[in-house]
Amino acid sequence: MRQSVLNREQQKVLELLKEIDIICRKNKITYFLSPYFTLCAVTGRPFPMNPMTGAVYMKPADMERFKNAFEEEPGLRRALESMDNNKHFPNFHLRYTDKDTLFYRLDDYGKYQHPGMAVNILPLQCEYGPKWKYFWNRMLEEGWKKINGKNSRWKTKRDFMCIWTVRFLSLCGREWLGKRIFRDLIHQPQEEVKTYVVRTMNKNTYYPAYVFEESLEVELEGERFFVPGDTDKYLTVAFGKKYQNKGPENYHPSPVVMCSALIPCEEFMQQSKELKKLAASRRKRARRTDFGMSYKKYFNKCWDYAEFCGKKYTCARAYRQKLDYIRNLYKNADYVQLENVFSEYTNVMNKCLKYDEIFEADPEILDLYMQYLEKTGRIPLLEKVKKYV
């Protein structure tokens, strides 16, 4: 297979992947390349330029075996971070990092103990029993992810319960809680699995279990790695049926990210004493911006509703002027023409229902409209209207 010319950062990611492969082969641990790496290996695409692309998948039991095997490796300038040894780690996975490199985001101060170039080892999770234990662990995992992933706002009752449960348990110590969540998740039972799920910060991807029953060895940039046996289904779930036509990588280095394969992350953190102050000022500015945007959205909604009220008034006056005409149409049972007349009335009514109200141009017109809905069989809309009458 054709090999491309790699820059230093790409070579470092490939080197980390090969080290993971060596440890796994030595200890007979099963792993799979992530979908994008698999796509590159299968279709001959160039090695990804984005350093954050580096990822492999493992089952939780294999993750634990890899963690134990790594601890026995002598003298490696590598780090394996997780919720088990870092109380600010953002999610349930392992992060295999090269200490002699640097990959640092200005907003991620304190998130990683070693902010170097890394390959993430993501878990293939599943639903297990007993149900109460599964949902309890899911709630803790989701709450931890939202709080430590700097996304601690809640939009639903479920988010509220997840976030505040984790905050309450954190009173016993964030380090203790992180270790407990990690221990419970990595020891999750996996028997008679039908579906695996890979959970990232913003997306959950579900794979049929048979995809990972066997492994296939492929070549990527001159090195041998393992991918799922059913590669076609694996890539179809990740990218769609036309995954072979997927567009090329569109990577542009971010101005808030510092990436280097030559600078040790520990040396960088020691010399850059103002990073904590800079990160704090950026977070404060971001909160101020979010606060202003929330008010802007609120005022925009108020203005939209005021405009809608003006439209309701104009529409009601027009229908009051056509009351006699509507009355005659209903008396003559001309429902075809009534449907044309009431089309705008229905549009306004549907918008009013979104604001938990109904459109009442005139009591008699509303009564005729409800009878028209009943005669024409539009029962779902009629039931919604009756709730507010």
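Figured I'd write up the structure that's included with this text. (Residues numbered from 1 in each chain as written. Predicted model: local features only at pLDDT ≥ 70, side-chain atom pairs only at ≥ 80, totals over all residues. Heavy atoms only, no water.)

**Remarks on helix 10 (residues 323-331)**
Here's step 1: Within helix 10, burial applies to Leu323, Ile326, Leu329 and Tyr330. Summarising the axial view, the buried residues of helix 10 lie within an arc of 125°, below the 170-degree limit, and thus occupy one face.
Here's step 2: Directly after helix 10, the chain includes Ala333, whose backbone phi takes a positive value near 55°. (Buried < 20%, exposed > 50% of the residue type's maximum accessible area, 1.4 Å probe, protein only. Helix = DSSP H or I, 4+ residues; strand = E, 2+ residues; numbered from the N terminus. Arc of directions from axis to C-beta.)

**Looking at the side chain of Arg199**
Here's step 1: By secondary structure assignment, the location of Arg199 is in strand 7 (residues 195-199).
Here's step 2: Here Arg199 is buried and forms no salt bridge, its nearest opposite-charge partner Glu141 lying at an N-O distance of 4.0 Å.
Here's step 3: One polar contact links Arg199 to Tyr134, side chain to side chain, over a distance of 3.3 Å.
Here's step 4: Discounting chain neighbours no more than four positions away, the residues touching Arg199 are Asn91, Gln125, Tyr134, Arg138, Glu141 and Asn204. (Lys, Arg positive; Asp, Glu negative; His and termini not counted. Salt bridge = Lys/Arg side-chain N within 4 Å of Asp/Glu carboxyl O. Polar contact = N/O pair within 3.5 Å; in protein donor to acceptor, adjacent residues only side chain to side chain. Contact = heavy atoms within 4.5 Å.)

**Regarding the packing of helix 1 (residues 8-27) against helix 3 (residues 60-71)**
Here's step 1: Remark: helix 1 packs on helix 3, axes separated minimally by 10 Å, with the N-to-C direction vectors making an angle of 100°. Considered as vectors, helix 1 and helix 3 are oriented roughly perpendicular to each other. For the pair helix 1 and helix 3, contact is made by Ile20, Ile23, Cys24 and Asn27 and by Arg65, Phe66 and Ala69, respectively. (Axes fitted to C-alpha atoms, helices over the stretch in contact; angles between N-to-C directions. Parallel < 35°, antiparallel > 145°, perpendicular 65-115°, else oblique.)

**A word on the sheet that holds strand 1 (residues 32-33)**
Here's step 1: In spatial order, the strands read 1-2-6-4-3; together these five strands make up an open sheet with mixed pairing. The open sheet is flanked by strand 1 and strand 3 (78-81), the only strands paired with a single partner. (Pairing = 2+ DSSP bridges.)

**Topic: the environment of Thr200**
Here's step 1: Relative to the helices and strands, Thr200 resides in the loop between strand 7 and strand 8 (204-208).
Here's step 2: A residue is classified by how much of its surface remains accessible, and Thr200, at 32% relative accessible area, is partly exposed.
Here's step 3: Taking the C-alpha atoms as reference, Thr200 lies 45 Å from Ser343; in sequence the two are 143 residues apart.
Here's step 4: When sequence neighbours within four positions are dropped, the list of residues in contact with Thr200 reads Asn91, Leu122 and Lys145.
Here's step 5: At 2.9 Å, the side chain of Thr200 and the backbone oxygen of Lys203 are in polar contact.

**Notes on the pattern of salt bridges**
A side chain with one charge may pair with a side chain of the opposite charge, provided their charged atoms come close.
Here's step 1: If you walk through the whole model with that rule in mind, you get 25 salt bridges.
Here's step 2: As a salt-bridge pair, Arg77 and Glu266 come within 3.4 Å of each other at their nearest N and O atoms. Separated by 189 residues along the polypeptide, Arg77 in the loop between helix 3 and strand 3 and Glu266 in helix 8 (residues 265-271) bring together distant segments of the chain.
Here's step 3: The network of salt bridges with common partners includes Lys18, Asp21, Arg25, Glu217, Glu219, Glu223 and Arg224.

**Details of a positive patch on the surface**
Here's step 1: Positive charge collects at one region of the surface, where Arg283, Lys284, Arg285, Arg287 and Arg288 lie side by side.
Here's step 2: Structurally, the position occupied by Arg287 is in helix 9 (residues 275-321).
Here's step 3: We classify Arg287 as exposed; its relative accessible area is 54%. (Patch = residues over 30% accessible without salt bridge, like charges linked within 9 Å, V, L, I, M, F, W, Y side chains within 5 Å. Areas by Shrake-Rupley, 256 points an atom, 1.4 Å probe, with all protein chains shown as cover. Charge placed at Lys NZ, Arg CZ, Asp CG, Glu CD.)

**Some words on the nonpolar core**
Here's step 1: In terms of nonpolar packing, the biggest core is built from 53 residues, with Leu17, Leu33, Met58 and Phe66 touching the most fellow members.
Here's step 2: It is helix 1 that contributes the most residues to this core, seven residues altogether.
Here's step 3: Once residues lying within four places of it in the same chain are set aside, the contact partners of Leu17 are Leu33, Phe37, Phe47, Val56, Val119 and Phe225.
Here's step 4: Grouped together as the second largest cluster of nonpolar side chains are 29 residues, Tyr319, Val348, Leu353 and Tyr369 included. (Core = buried A, V, L, I, M, F, W, Y, C linked by side-chain atoms within 4.5 Å.)

**Details of helix 2 (residues 35-43)**
Here's step 1: The buried fraction of helix 2 amounts to seven of the nine residues, a majority that puts the element mostly inside the structure.
Here's step 2: Taken as a whole, helix 2 has its buried residues at Pro35, Tyr36, Phe37, Thr38, Leu39, Cys40 and Ala41.
Here's step 3: Two residues or fewer after helix 2 comes Gly44, characterised by a positive phi angle close to 75°.

**Section: the packing of helix 4 (residues 131-148) against helix 5 (residues 157-169)**
Between two packed helices, the angle of one axis relative to the other and the distance separating the axes together describe the packing.
Here's step 1: The geometry of helix 4 relative to helix 5 is characterised by a closest axis approach of 8 Å and an angle of 85° between their N-to-C directions. Classified by the interaxial angle, the pair formed by helix 4 and helix 5 is roughly perpendicular. Two secondary-structure elements touch here, helix 4 through Trp136, Arg138, Met139, Leu140, Glu142, Gly143, Trp144, Lys146 and Ile147 and helix 5 through Arg158, Asp159, Met161, Cys162, Ile163, Thr165, Val166, Arg167 and Leu169.
Here's step 2: Split by residue class, the contact of helix 4 with helix 5 holds ten nonpolar, two polar and six charged. (Nonpolar A, V, L, I, M, F, W, Y, C, P; charged D, E, K, R; others polar.)

**Regarding the packing of aromatic side chains**
In this description, an aromatic ring pair is defined by two values, namely the gap between the centres and the angle between the planes.
Here's step 1: Counted under the stated rule, the structure contains 28 aromatic pairs.
Here's step 2: When the ring of Phe37 is compared with that of Phe47, the centres are 5.4 Å apart and the planes differ by 35°; the resulting orientation is tilted. Of this pair, Phe37 sits in helix 2 while Phe47 sits in the loop between helix 2 and strand 2 (55-58), placing them ten residues apart in sequence. Like Phe37, the residue Phe47 is buried in the burial classification. (Phe/Tyr/Trp six-rings, centres within 6.5 Å; stacked < 30°, edge-to-face > 60°.)

**As for the state of the cysteines**
Here's step 1: Under the criterion given, the structure shown has zero disulfides.
Here's step 2: Free of any disulfide, Cys259 has its nearest neighbouring cysteine sulfur in Cys265, separated by 12 Å.
Here's step 3: Cysteine Cys352 shares no disulfide, and the gap to the nearest cysteine sulfur, in Cys309, comes to 8.2 Å. (Disulfide = S-S within 2.5 Å.)

**Considering the environment of Leu338**
Here's step 1: Residue position: Leu338 is located in helix 11 (residues 335-341).
Here's step 2: The class of Leu338 is buried, set by a relative accessible area of 0%.
Here's step 3: Put simply, Leu338 and Glu213 are 125 residues apart on the chain and 61 Å apart in space, counted from C-alpha to C-alpha.
Here's step 4: Every residue in contact with Leu338, bar those within four places of it in the chain, is listed here: Ile326, Leu329, Tyr330 and Tyr372.

Honestly, that's just the spatial picture; any functional story needs more than this.
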